[in-house]
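Below are the chains, spelled out letter by letter.
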Amino acid sequence: MTDPNGFLGVTRSLTGRRWIGPTPDLQRAAETLHQRAGLPLPVCAVLARRGVAPEDAETFLAPKLKDLMPDPRVLKDMETAAAVFLKAAKAGARIAIFADYDVDGGSSAALLLRWLRDMGQAATLYVPDRIDEGYGPNPEAMSQLAAAHDLIVCVDCGTLSHDALEAATAAEVIVLDHHLGGETLPRARAVVNPNRQDESGDLAHLCAASVVFLMLVEVNRQMRAAGQKGPDLMALLDLVALATVADVAPLIGVNRALVRQGLKVMGQRRNLGLVALGDVARLDTAPASYHLGFVFGPRINAGGRVGTADLGARLLATDDPQEAAGLAARLDQLNSERREIEARVREAAMAQAEARGFDAPLVWAAGDGWHPGVVGIVAARLKEATNRPAVVIGFEGDSGKGSGRSIAGVDLGASIHRIAAQGLLEKGGGHKMAAGLSLSRAQLEPAMAALSALMEKQGAGRAGPGDLKLDAMLMPGAAKPDLVTALEQAGPFGASAPAPRFALPDCLVTYARRVGQTHLKLTLGDDMGARMDAICFGAFDSDLGPAIEARTGARIHVAGRLEINTWGGREKVQLRLEDAALPG
C-alpha cells in the first residue's frame, strides 16, 4: 500500500512530485533476501521489487543464455521460414530485405546482411521513407522488389500488410516481426511473429531483431543437420542487445540474457559501425544499456526520422571502416538537427497538452507541420512528464501521422489496433509500449476520445503524475564503487526493469555550481563526514536548479541513480540527481 504521506514525508518535492518508497511487504522481502542470500541490502531491495525469491537470486544475477534461450521452433512458421531462407542463400538467389526505419528494423536487417556476407552472399536493402512511404511494406515497393528478386524478407514490419504482400506476386515473402497481429495473416510463405493472435504469448516480449536471431539459430541448426557449419551467431548479439533496449522491449526472461551477453560482445568493438558511432559520441567507457537507449539509439534513428532512411541499417551492417566513419558522422549531424526540430514540436505539444489537462487517462497533442520523424520522441517526453500514455500527431493538410508511447501495465498497441478496426483511424498498430497511427482531421477528436476511454479502462490516470518511485534509502557513506558494481548485476535496466533509484536523506549541500547552460554539479555530505558528488542534467531547464543552488550550505533530501564516474584513472561514485525536497 502506498504511503499517502510520501517517502521521507515528501508529498511535494521541488519538482512537484510525491516520493513513493517500498511497501512494508517489499521491505520485509528485501530483509529476507539480505539474510538468506548475503547480498547488500540495496541490491536486495531491487531484487525484491522484481519478485526474486532468495533461492533464485544467484541465477537471476547471472543469467545464462543457454538456460533462457527458447527453442526457435516454438514459434509458428519458424521451420518453414528458416528452410526457405537457407535454400535461397545456398542457391545464390536474389534476396531483398525490407526493413523498418528504426533501430529494431536496422538491427534486424544488419543481422541478415552480416549472416549472408559470412556465407559469401549479398542482399538488397530496402528501407521505406518515413514521410513519402510511411511505415511498413507498400504495394508499389513490394511489386518492384518482387520483379527483381526471388525472396523478400520483411523485418520488423509486414504482419498487417495484406495488400502490399499481395502485390509481391513474383517473389516468395517471409515476415519476421513482433508487432501485434490481426485476425488474418498476409499472403507469405511464413509469418514468424510471437504476437500473432494464434501464438501463446510466452515470447511476446521479444523485439524483431530477437525474432530474426532465433530464425538464424534455426537456420544454423538445419545446416548442422546437413553436416554444415553456419556463421558465428554469438558475435551478432551486440545487434540484438541494441535493438532490445532501443525498442523498449521489456528486460525480462531471455531479453536480460540477450542484452547482458550482447553488451559483452559490444565491448569487444567488433562491429565497426557501432565503434564509429561510439567514437563520434565520445563514448569513453564500456557500453551499458543506458548507452544503447540514449547514445546509440537516437543517432541510429536519426536517419529514419529526419534524413535518409537506410543510414542506420547500413552503418550496422558495414565492415568498411571508412564507410562506418562517414555514416556515423552523418547520423550524428542528423541527430543534432533532430534535436532542434524536436525542441520546437515539444514546446508546442507540451503547451497544448497542458491546456487540455495532464490529469486525463490519455495525454495528446496535434499540430500542423509537426515533423513525423519526431512525434514519437515528443510523445515519449509527454509520457515521462505526466506518467500517462501519450500520443502526438503531425498534420499535413488533412492527413495526420502520429505516434504514441505508453506506461507500464497499459497496452497502447492493442488499443490503437482496436480503434483502427472500428474505423476510427485510417490505420494503426504497434506493441504494448509504442504504436503508430494515421488519421484524417475529422477522425482526430473521436479517435482520441475512444482511445482515452480504453486507456482509462486499463488504469491509466490513476497514478499521480508526480509520483517518483524509490527503491530504498541510502546514506552517502554507503555509496561505494563495489555497491554500484553489485547493483549492476541486477540489470540490465530498461523497460519493465527500471534502474535502481535511491533517496539520500538530510544531505548537506557543501558545493553547487552551474555546468554549461543547464546542468548543476554539486557535492553532498552527511554527519559522518562522507562526501559524494552529484550531477543534475537539465537542472536549470526548470526551477530545480535554482532551488538546489540556493540551498548551498543547507540540508536537503535528494533522489537519483548511482553511477561510476571515471576521471584521471580513478573511479568515484556519482549520484545522477533527479529530484530534491526540503527536509521536514
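Before any of the text, the structure's been laid out above.
We now turn to the structure provided with this report. (Residues numbered from 1 in each chain as written. Predicted model: local features only at pLDDT ≥ 70, side-chain atom pairs only at ≥ 80, totals over all residues. Heavy atoms only, no water.)

Thoughts on the overall build of the protein
Part 1 of the reasoning: Helix and strand counts for the protein stand at 20 helices and 18 strands.
Part 2 of the reasoning: A compact globule built from 584 residues should have a C-alpha radius of gyration of about 25 Å, and the protein, at 24 Å, falls within 12% of that.
Part 3 of the reasoning: Expressed as lengths along the three principal axes of its C-alpha atoms, the size of the protein is roughly 75 × 60 × 45 Å.
Part 4 of the reasoning: For the protein, with 584 residues in total, the buried portion stands at 53%.
Part 5 of the reasoning: The long-range fraction of contacts in the protein, counting pairs at least 24 apart against all pairs at least 6 apart in sequence, stands at 64%.
Part 6 of the reasoning: Carbon and sulfur atoms make up 50% of the accessible area of the protein, which totals about 24700 Å².
Part 7 of the reasoning: Charge separation in the protein, taken as the distance between the mean sites of 62 positive and 68 negative side-chain charges, equals 4 Å. (Helix = DSSP H or I, 4+ residues; strand = E, 2+ residues; numbered from the N terminus. Rg over C-alpha atoms; globule rule 2.2 N^0.38 Å. Buried < 20%, exposed > 50% of the residue type's maximum accessible area, 1.4 Å probe, protein only. Contact = heavy atoms within 4.5 Å. Areas by Shrake-Rupley, 256 points an atom, 1.4 Å probe, with all protein chains shown as cover. Lys, Arg positive; Asp, Glu negative; His and termini not counted. Charge placed at Lys NZ, Arg CZ, Asp CG, Glu CD.)

What to know about the nonpolar core
Part 1 of the reasoning: One finds Phe85, Trp115, Met215 and Leu216 to be the most contacted residues of the largest nonpolar core, which totals 95 residues.
Part 2 of the reasoning: Setting aside residues no more than four positions away along its own chain, Phe85 makes contact with Leu112, Trp115, Leu116, Leu151, Val153, Ile174, Met215, Leu216 and Val219.
Part 3 of the reasoning: In this structure, Leu474, Leu483, Leu524 and Val558 belong to the second largest nonpolar core, which totals 43 residues. (Core = buried A, V, L, I, M, F, W, Y, C linked by side-chain atoms within 4.5 Å.)

Some words on the environment of Pro194
Part 1 of the reasoning: Looking at where Pro194 falls in the secondary structure, it is placed in the loop between β6 (190-192) and α9 (208-225).
Part 2 of the reasoning: On the accessibility criterion, Pro194 (2% relative accessible area) is buried.
Part 3 of the reasoning: Taking the C-alpha atoms as reference, Pro194 lies 9.5 Å from Leu176; in sequence the two are 18 residues apart.
Part 4 of the reasoning: If near-sequence neighbours (up to four positions away) are discounted, Pro194 is found in contact with Leu75, Asp177, His178, Glu199, Gly201, Leu203, Ala204, Leu206 and Val211.

Quick word on the sheet that holds strand β7 (residues 363-368)
Part 1 of the reasoning: Here five strands make up an open sheet; going across it, the order is β7-β8-β9-β11-β10 and the pairing mixed. Bordering the open sheet on either side are β7 and β10 (427-430), each of which pairs with just one other strand. This sheet shows a mean twist of 15° between the axes of neighbouring strands, independent of strand direction.
Part 2 of the reasoning: Inspection of the sheet shows strand β8 (residues 390-396) paired to strand β9 (residues 399-405) by seven bridges, in the antiparallel sense. For Glu396, the partnering residue across the bridge sits in β9 and is Ser399. (Pairing = 2+ DSSP bridges. Axes fitted to C-alpha atoms, helices over the stretch in contact; angles between N-to-C directions.)

Some thoughts on the packing of helix α1 (residues 24-37) against helix α2 (residues 41-49)
Part 1 of the reasoning: One way to put it is that α1 packs onto α2 with a least axis distance of 8 Å and a crossing angle of 125°. Judged on the interaxial angle alone, α2 and α1 are oblique. For the element pair α1 and α2, the recorded crossing hand is right-handed. Touching Leu26, Ala29, Ala30, Glu31, Leu33 and His34 of α1 are Leu41, Cys44, Ala45, Leu47, Ala48 and Arg49, all from α2. (Parallel < 35°, antiparallel > 145°, perpendicular 65-115°, else oblique. Left-handed = near helix turned anticlockwise from the far one by under 90°.)

Some details on the packing of aromatic side chains
Part 1 of the reasoning: All chains considered together, the criterion is met by three aromatic pairs.
Part 2 of the reasoning: When the centroid spacing of 5.2 Å and the interplanar angle of 25° are considered together, the rings of Phe98 and Tyr126 count as stacked. Placement of Phe98 in strand β2 (residues 95-99) and of Tyr126 in strand β3 (residues 124-126) is noted, with a sequence separation of 28 residues between them.
Part 3 of the reasoning: Overall, the relative accessible area of 0% leaves Phe98 in the buried class. (Phe/Tyr/Trp six-rings, centres within 6.5 Å; stacked < 30°, edge-to-face > 60°.)

Some remarks on the side chain of Ser161
Part 1 of the reasoning: Here Ser161 is to be found in the loop between β4 (151-155) and α8 (162-166).
Part 2 of the reasoning: Ser161 gets classed as buried once you look at its relative accessible area, which sits at 12%.
Part 3 of the reasoning: Non-local contacts of Ser161, meaning those with residues more than four positions away in its chain, are made with Pro137 and Pro186.

Examining the state of the cysteines
Part 1 of the reasoning: According to the stated counting rule, one finds zero disulfides in the structure shown.
Part 2 of the reasoning: With no disulfide partner, Cys207 has as its closest neighbouring cysteine sulfur the one in Cys157, 14 Å distant.
Part 3 of the reasoning: For Cys207, a relative accessible area of 1% translates into the label buried.
Part 4 of the reasoning: Cys507 forms no disulfide, and the closest cysteine sulfur to it belongs to Cys536, at a distance of 14 Å.
Part 5 of the reasoning: Relative accessible area serves as the criterion here: at 0%, Cys507 is assigned to the buried category. (Disulfide = S-S within 2.5 Å.)

As for the sheet that holds β3
Part 1 of the reasoning: Reading across from one edge, β3-β2-β4-β5-β6 is the order of the five strands in this open sheet, with parallel pairing throughout. Two strands lie at the open edges of the sheet, namely β3 and β6, each paired on one side alone. Shown here is a sheet whose adjacent strand axes are inclined to one another by a mean of 15°, direction ignored.
Part 2 of the reasoning: Of the strands in this sheet, β4, β5 (172-176) and β6 are in contact with α9, which crosses β5 at around 120°.

Observations regarding unusual backbone geometry
Part 1 of the reasoning: With omega at 5°, the peptide bond leading from Gly491 into Pro492 counts as cis.
Part 2 of the reasoning: By the secondary structure assignment, Pro492 is in the loop between α19 (481-488) and β14 (502-515).
Part 3 of the reasoning: We note that Ser496 has phi near 65°; this positive angle belongs to a residue other than glycine.
Part 4 of the reasoning: As for its placement among the helices and strands, Ser496 is situated in the loop between α19 and β14.

Notes on helix α11 (residues 254-267)
Part 1 of the reasoning: With 14 residues, α11 should cover 20 Å at 1.5 Å per step; its first-to-last C-alpha distance of 20 Å lies within 8% of that length.
Part 2 of the reasoning: The buried fraction of α11 is high, at eleven of 14 residues.
Part 3 of the reasoning: Listed in full, the buried residues belonging to α11 are Val254, Asn255, Arg256, Ala257, Leu258, Val259, Arg260, Gly262, Leu263, Val265 and Met266.
Part 4 of the reasoning: One or two positions beyond α11, positive phi appears at Arg269, with a value near 55°. (Expected span 1.5 Å × (residues − 1).)

Topic: the pairing of strand β16 (residues 531-536)
Part 1 of the reasoning: For β16, the buried fraction is high: five of the six residues fall into the buried class.
Part 2 of the reasoning: Examined bridge by bridge, strand β15 (residues 519-525) and β16 share six bridges and lie antiparallel to one another. Bridge assignment links Leu522 to a residue of β16, and that residue is Ala534.
Part 3 of the reasoning: From the end of β15 to the start of β16, which pair antiparallel, there are five residues, and Gly529 there has a positive phi angle of about 90°.

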